[in-house]
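What follows is each chain in one-letter form.
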Amino acid sequence: MKMMNKLKNIQLIALDIDGTSMNSNSEITDYTRNIIQLLANKYVVVPTTGRGFYKLRENILKVKNIRYVISANGAVVTDGLKNKRLFEFLIPYKVAAKIADKYTREDTFVYIHRNDECSTHVFGCLNKEFYENNLKRDFKTDYKDLDIVDLYDYILKDQRNVLKIGIRFKSQCDLDIAKQDIERSFPEVNVFEVGNIGLEITEKLASKKDSLEKLCTYLNVDSLNVLAIGDNGNDVEMLKWAGVGVAMKNAVVQAKEVANIICEDNDHDGAAHFLEEYLL
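Residues numbered from 1 in each chain as written. Predicted model: local features only at pLDDT ≥ 70, side-chain atom pairs only at ≥ 80, totals over all residues. Heavy atoms only, no water.

Caption draft 1: Focus on the overall build of the chain. On a plain count of helices and strands, the chain comes out with 13 helices and 13 strands. A compact globule built from 280 residues would reach a C-alpha radius of gyration of about 19 Å, and the chain, at 18 Å, matches this within 12%. Residues classed as buried in the chain amount to 53% of the 280 residues present. Total accessible area computed for the chain in this model is approximately 12900 Å², and 46% of it derives from carbon and sulfur atoms. Here the chain contributes 38 positively and 42 negatively charged side chains, and the mean placements of these two sets differ by 4 Å. (Helix = DSSP H or I, 4+ residues; strand = E, 2+ residues; numbered from the N terminus. Rg over C-alpha atoms; globule rule 2.2 N^0.38 Å. Buried < 20%, exposed > 50% of the residue type's maximum accessible area, 1.4 Å probe, protein only. Areas by Shrake-Rupley, 256 points an atom, 1.4 Å probe, with all protein chains shown as cover. Lys, Arg positive; Asp, Glu negative; His and termini not counted. Charge placed at Lys NZ, Arg CZ, Asp CG, Glu CD.)

Caption draft 2: Quick peek at the sheet that holds strand β1 (residues 12–15). Judged by pairing direction, the sheet is parallel, and its five strands sit side by side in the order β2-β1-β11-β12-β13 without closing on themselves. Looking at which strands have only one partner, the edges of the open sheet turn out to be β2 (44–47) and β13 (261–263). Across the sheet, the axes of successive neighbouring strands diverge by a mean angle of 20°, strand direction being ignored. Where strand β12 (residues 244–248) lies against β13, three bridges are found, and the strand directions are parallel. Within β13, the residue paired with M248 across the bridge is C263. Along the sheet face, helix α10 (residues 208–219) touches β1, β2 and β11 (226–230) and points at about 155° away from the line of β1. (Pairing = 2+ DSSP bridges. Axes fitted to C-alpha atoms, helices over the stretch in contact; angles between N-to-C directions. Contact = heavy atoms within 4.5 Å.)

Caption draft 3: Just the sheet that holds strand β8 (residues 164–169), in detail. Strands sit in the order β7-β6-β8-β10-β9 across an open sheet of five strands; the sheet is antiparallel. Where the open sheet ends on each side, the last strands, each with one partner, are β7 (121–124) and β9 (189–194). Here the strands of the sheet are splayed against their neighbours by 20° on average, with no regard to which way each runs. Examined bridge by bridge, β8 and strand β10 (residues 198–203) share four bridges and lie antiparallel to one another. Counterpart to G166 in the pairing with β10 is E200.

Caption draft 4: Layout of the packing of helix α5 (residues 93–103) against helix α8 (residues 151–158). Contact geometry for α5 and α8: axes closest at 8 Å, N-to-C directions at 170°. Comparing their axes, α8 and α5 come out roughly antiparallel. For the pair α5 and α8, contact is made by Y93, K94, A96, A97, K98, A100 and D101 and by L151, Y152, I155 and L156, respectively. Class assignment of the residues belonging to the contact of α5 with α8 gives a composition of eight nonpolar, no polar and three charged. (Parallel < 35°, antiparallel > 145°, perpendicular 65-115°, else oblique. Nonpolar A, V, L, I, M, F, W, Y, C, P; charged D, E, K, R; others polar.)

Caption draft 5: The arrangement of the pattern of salt bridges in detail. Under the defined criterion, the tally for this structure stands at 20 salt bridges. When the shortest N-O distance is used, the salt bridge between K102 and D181 registers 2.7 Å. With K102 in helix α5 and D181 in helix α9 (residues 172–185), this residue pair connects regions lying 79 residues apart in the sequence. Relative accessible area serves as the criterion here: at 38%, K102 is assigned to the partly exposed category. A residue is classified by how much of its surface remains accessible, and D181, at 12% relative accessible area, is buried. (Salt bridge = Lys/Arg side-chain N within 4 Å of Asp/Glu carboxyl O.)

Caption draft 6: Main features of α8. Taking the backbone nitrogen of Y152 as reference, a side-chain oxygen 3.2 Å away marks D150 as the first, capping residue of α8. Positive backbone phi, approximately 60°, marks Q159, located one or two places after α8. (Polar contact = N/O pair within 3.5 Å; in protein donor to acceptor, adjacent residues only side chain to side chain.)

Caption draft 7: Seen up close, the nonpolar core. By size, the foremost hydrophobic cluster in this structure holds 53 residues, and its most contacted members are I13, L212, L227 and L279. Counting residues per element, this core draws most heavily on helix α13 (residues 270–279), at five residues. Formed by 25 residues, the second largest nonpolar core is a distinct cluster that contains A97, I99, A178 and I201. (Core = buried A, V, L, I, M, F, W, Y, C linked by side-chain atoms within 4.5 Å.)

Caption draft 8: Inspection of the side chain of K164 at higher detail. Considering the arrangement of structural elements, one finds K164 in strand β8. Of the polar contacts made by the side chain of K164, one reaches the backbone oxygen of G50; its length is 2.6 Å.

Structure follows, in structure tokens:
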């Protein structure tokens, strides 16, 4: 009964995209899209994602009445109606260059989100076979078509602070060692574990939780009136902070441990079914 009362008071829905709104083929089904549209007509729906803001609403969600977006794992909060960044938290480019240089190896794949209008992906990779064998399915692009550069040199010459850094590893052991090293060596950043043996890195003040909290303060919405739903390591603090935290059945263990509710997985429209049943 207590949870039902909380659900009745929801004003804002923080909605993760990959692994939550999207299925394993990186698709949003018609059913899920229709539910998000109905929710957006009634609530403040805020896509809260590791993706960039560019064309997210128009080409990926294809849902009207979505005004605010938290993108790049909290690095940017955008008011889409005014086409204005409300908040931004960027990795200093010299720090980003050092991280990219340290972790661009034969057994890794590194990428950044460039701080431009399109949040352009730029990749650093020394091992074509590692990409083809482990990552081609996720990035859906042939190695020869990727913009592969020396990231260290590229970032220093570009001199733009960076939205986000991603690193993919060959093993969980390699990831765990790198995560501890980054936390120790680069106190200016946050490090999150993401799916498929990966880390994503943002500026210290940038996280989905922190940016959601700032947006809610801006909109005068209390955390008790927020429902957050997600599946990955970068969603954990957001799920803890929200009045109602919902983890997907396919979520990482850490997200399930802090969630109030666990719904069906992303390949069965779990988020949409839950939101339809309890909020519509």
